[in-house]
Amino acid sequence: MIEDFASPAWAEHHARVSTDLADLFAGLQRRLNRFMPALHLPRGTQTMGKILLNQTVVVIGGGSGIGAAVAELARAKGARVVAISRSGFAPQGVEPIPLDVCDLEALGSTFATIGPIDHLVHTAGARTAAIALPLLEWDALSLAFDIKLFSAIQAVRVALPHLSAQASITFTSGQASRKYGTGSMVKGAVNAAVDAAGRHLAKELAPRRVNVISPGVVDTPIWGENGSDARLAFLTRVAAALPVQRVGAPEDLARAYLFAMTNGFVTGSVIDVDGGGLL
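Residues numbered from 1 in each chain as written. Predicted model: local features only at pLDDT ≥ 70, side-chain atom pairs only at ≥ 80, totals over all residues. Heavy atoms only, no water.

Peer 1: Can you explain the overall build of the protein? Please cite residues and give values.
Peer 2: If you tally the helices and strands in the protein, you get 8 helices and 7 strands. Here the contacts in the protein between residues at least 6 apart in sequence split such that 68% fall between residues at least 24 apart. (Helix = DSSP H or I, 4+ residues; strand = E, 2+ residues; numbered from the N terminus. Contact = heavy atoms within 4.5 Å.)

Right, dumping it as structure tokens:
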């Protein structure tokens, strides 16, 4: 037997078989290359790299911070992305629309021009300072609820005629809804209301899915001027107290929104992305 493997005839046979196999695989590859241009994947059968291919994502508050990161990631995953914000800024490749998110008439007209919407994300919110109850004025209370809660609910209402039958809707709350402290009542109340609204709407709007992302402290402009000593000191102090030993980045949160958009078995959930801040 060993002598057979060592014979010149075996070597010639082995080389001939290898050549035949190589020709076979080359032929298969050529046929596949001719077939692929005619292959059109149906909606919902995208590769993981382009998991949002042929879908439209609208991000309200997509001009900066977490919203901009969500818009950028959705665009990278193949979606057509529209970013609505007061500033009108948007990441490269994202369609910017300057708009006051509380202007319902303008928002409804905008949705009509966008066309069918597969995913609606609301990240807009007002910068809310820590205010003790004796110093709390109506304007601060109203602003917090108008932008973060009421505009989110109303945006869904006016978007309904344009939302696809299997659309996802994702709100944004925050850990203050369940992390209690002095002066944080306004933040806590509005975030808790967003959590509750998301869960109620998940039942009411089914089979459309509604979820809420609840961030911890994330390095965005909401915590002060970029590069300021006060902002750096605050973020450093928070990072030292977290189990992960750092504050969040907008990209950390964007991946959570992508999960909420693409996992068809998740609805009515409040998803904490806080580095362990609630522990």
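We are not done yet, so read on.
Peer 1: Provide a residue-level description of the packing of helix 4 (residues 104-114) against helix 5 (residues 138-159), including the pertinent values.
Peer 2: Geometrically, a packed helix pair is captured by the angle between its two axes and the distance between the axes. The N-to-C vectors of helix 4 and helix 5 enclose an angle of 40 degrees; their axes lie 9 Å apart at closest approach. Viewed along their axes, helix 4 and helix 5 adopt a mutual orientation that is oblique. Pair helix 4 / helix 5 crosses with right-handed handedness. The residues of helix 5 that touch helix 4, namely those facing Leu104, Leu107, Gly108 and Phe111, are Gln154, Ala155, Arg157, Val158 and Ala159. By residue class, the composition of the contact of helix 4 with helix 5 is 6 nonpolar, 2 polar and 1 charged. (Axes fitted to C-alpha atoms, helices over the stretch in contact; angles between N-to-C directions. Parallel < 35°, antiparallel > 145°, perpendicular 65-115°, else oblique. Left-handed = near helix turned anticlockwise from the far one by under 90°. Nonpolar A, V, L, I, M, F, W, Y, C, P; charged D, E, K, R; others polar.)

Peer 1: Explain the packing of aromatic side chains to me, using residue names and the numbers behind them.
Peer 2: Inspection of every chain in the model, using the stated rule, returns 1 aromatic pair. Residues Phe145 and Phe150 carry aromatic rings whose centres are separated by 6.1 Å and whose planes lie at 40 degrees to one another, so their mutual orientation is tilted. (Phe/Tyr/Trp six-rings, centres within 6.5 Å; stacked < 30°, edge-to-face > 60°.)

Peer 1: Give me the packing of helix 3 (residues 65-76) against helix 8 (residues 250-262): which residues, what numbers.
Peer 2: Put simply, helix 3 and helix 8 touch, their axes get as near as 8 Å, and they point 55 degrees apart. Between helix 3 and helix 8, the angle is such that the two are oblique. For the pair helix 3 and helix 8, the crossing hand works out as right-handed. Seen from helix 3, the contacting residues are Gly65, Ile66, Ala69, Val70 and Leu73; seen from helix 8, they are Pro250, Glu251, Leu253, Ala254, Arg255, Tyr257, Leu258 and Met261.

Peer 1: Please provide a residue-by-residue account of helix 7 (residues 229-241), values included.
Peer 2: For helix 7, spanning 13 residues, the distance from its first C-alpha to its last is 19 Å, which sits close to the expected 18 Å at 1.5 Å a residue. Buried within helix 7 we find Arg231, Leu235, Val238 and Ala239. Viewed along the axis of helix 7, the buried residues span an arc of 100 degrees, placing them on a single side of the element. Facing away from the buried side of helix 7 by over 90 degrees, the exposed positions are Asp229, Ala230, Arg237, Ala240 and Ala241. (Expected span 1.5 Å × (residues − 1). Buried < 20%, exposed > 50% of the residue type's maximum accessible area, 1.4 Å probe, protein only. Arc of directions from axis to C-beta.)

Peer 1: For the sheet that holds strand 7 (residues 270-273), give the residues involved together with the corresponding values.
Peer 2: Here 7 strands make up an open sheet; going across it, the order is 3-2-1-4-5-6-7 and the pairing parallel. Single-partner strands in this sheet number two, and they are strand 3 (95-98) and strand 7. Taken over all neighbouring pairs, the strand axes of this sheet differ in orientation by 20 degrees on average, direction set aside. Taken together, the 5 bridges between strand 5 (residues 163-172) and strand 6 (residues 209-215) define a ladder with parallel strand orientation. (Pairing = 2+ DSSP bridges.)

Peer 1: Before we move on, could you go through the environment of Val156 and cite the residues and values that matter?
Peer 2: Along the chain, Val156 turns up in helix 5. Residues Val156 and Gly108, 48 residues apart in the sequence, show an inter-C-alpha distance of 9.9 Å.

Peer 1: Mind laying out the pattern of salt bridges, listing which residues take part and the relevant values?
Peer 2: Opposite charge on two side chains permits pairing when their charged atoms draw close. Inspection of every chain in the model, using the stated rule, returns 6 salt bridges. Between Glu95 and Arg80 there is a salt bridge whose closest N-O contact spans 2.8 Å. You can see Glu95 sitting in strand 3 and its partner Arg80 sitting in strand 2 (residues 80-85), a full 15 residues away along the chain. The exposure class assigned to Glu95 is partly exposed, which follows from its relative accessible area of 34%. Judged by relative accessible area, Arg80 falls into the partly exposed class, the value being 32%. Between Asp219 and Arg231 there is a salt bridge, with its nearest N and O atoms 2.5 Å apart. Linking Asp219 in the loop between strand 6 and helix 7 with Arg231 in helix 7, this pair joins segments that are 12 residues apart in sequence. Residue classification places Asp219 among the partly exposed positions, given a relative accessible area of 35%. (Salt bridge = Lys/Arg side-chain N within 4 Å of Asp/Glu carboxyl O.)

Peer 1: Tell me what's going on with unusual backbone geometry, and back it up with residues and numbers.
Peer 2: A cis amide bond links Ala206 to the next residue, Pro207, at an omega of 15 degrees. Locating Pro207 in the fold gives a position in the loop between helix 6 (185-204) and strand 6. At Asn54, a position not held by glycine, the phi torsion is positive, near 70 degrees.

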